[in-house]
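The residues making up each chain are set out below.
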Amino acid sequence: MKYWLMKSEPDVFSIDDLKKKKSSLWDGVRNYQARNFMRNDMHPGDCVLFYHSNATPPGVAGLATVSKQASADPTQFDKKSEYYDPKSSKEKPRWFCVEVQFKEKFKHFVSLEAIKQNLDLKDMLVVQKGQRLSIQPVEKKHFDKILKMALKP
DNA sequence: GCCAACGTTGGC
DNA sequence: GCCAACGTTGGC
């Protein structure tokens, strides 16, 4: 079992949206590194930190779990979608996405600032300079620490 | 809105 | 295969 951090802009799709839907395809990812994580490395049961990016404040808002193995991202075939990719085909899809399931919304939001201030978390990718990847692997010790911070501010 | 840090594209 | 130009991400 692995641990991940997945970024989403709450204006577009927030932890509350996932809570309402219960589960959702993580579609619209158009970055090869992030795609490779979903297609090759993410498996049902993996734990996901749901991160609010481009938010005030940014940070980890809750927990989700991978509920379905990666499959072709349907938005790439949809001409009306902003994620439509004319270079992709159903025979040879370019983009993949996993399904994630809501687990919990944190009692205490773990802000990016709090993560930055915690020395135990200084190696987390999300606090590294210039790290824009929207899906990142997370070490278990870091994952556990975030959970503790969510329990008690 | 700014802009640094990336990632992608396309001409050559 | 190089790399300049362009686009995007995301914190601030």
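Since this is a predicted model, take the numbers as computed values, not measurements.

A. Expanded view of the protein's contact with DNA strand B. The local shell around DNA strand B consists of Asn31, Tyr32, Gln33, Lys87, Lys129, Gly130 and Arg132. When the atoms of DNA strand B within 4 Å of the protein are grouped by moiety, sugar and phosphate amount to 68% of the total. Within the side chain of Lys129, an N or O atom sits 2.8 Å from a phosphate oxygen of DNA strand B. Here a base oxygen of DNA strand B and a side-chain polar atom of Arg132 are 2.6 Å apart.

B. Layout of the packing of aromatic side chains. Under the defined criterion, the tally for this structure stands at five aromatic pairs. Ring geometry for Phe13 against Phe50: centres 6.4 Å apart, planes inclined by 40°, an arrangement best described as tilted. Placement of the pair is Phe13 in the loop between β1 (3-8) and α1 (15-21) and Phe50 in strand β3 (residues 47-52), with a sequence separation of 37 residues. For Phe13, a relative accessible area of 17% corresponds to the buried category. An aromatic cluster is defined as three or more aromatic residues linked by ring pairs; in this entry it consists of Phe13, Trp26 and Phe50.

C. Structural detail: the protein's contact with DNA strand C. Surrounding DNA strand C, one finds Lys7, Tyr51, Ser53, Asn54, Pro58, Leu112, Lys116 and Arg132. One of the side-chain N or O atoms of Tyr51 is found 2.7 Å from a phosphate oxygen in DNA strand C. One nitrogen or oxygen atom from the main chain of Arg132 is found 2.6 Å from a phosphate oxygen belonging to DNA strand C. Here the residues of the surface near DNA strand C are counted per class, giving three nonpolar, two polar and three charged.

D. Representation of the pairing of strand β4 (residues 59-72) in the model. Bridging between β3 and β4 involves six bridges; their strand directions are antiparallel. Paired with Phe50 across the strands is Gly62, a residue of β4. Between β3 and β4, which follow one another and run antiparallel, lie six residues, and Asn54 among them has a positive phi close to 55°. Inspection of the sheet shows β4 paired to strand β5 (residues 96-111) by 10 bridges, in the antiparallel sense. Looking at the pairing, Leu63 lines up with Glu104 of β5.

Reading the values: rules and limits
Residues numbered from 1 in each chain as written. Chains lettered and ligands numbered in written order. Predicted model: local features only at pLDDT ≥ 70, side-chain atom pairs only at ≥ 80, totals over all residues. Heavy atoms only, no water. Near = heavy atom within 4 Å. Polar contact = N/O pair within 3.5 Å; in protein donor to acceptor, adjacent residues only side chain to side chain. Phe/Tyr/Trp six-rings, centres within 6.5 Å; stacked < 30°, edge-to-face > 60°. Helix = DSSP H or I, 4+ residues; strand = E, 2+ residues; numbered from the N terminus. Buried < 20%, exposed > 50% of the residue type's maximum accessible area, 1.4 Å probe, protein only. Nonpolar A, V, L, I, M, F, W, Y, C, P; charged D, E, K, R; others polar. Pairing = 2+ DSSP bridges.

Fair warning: the whole summary comes from geometry, so function is off the table for now.
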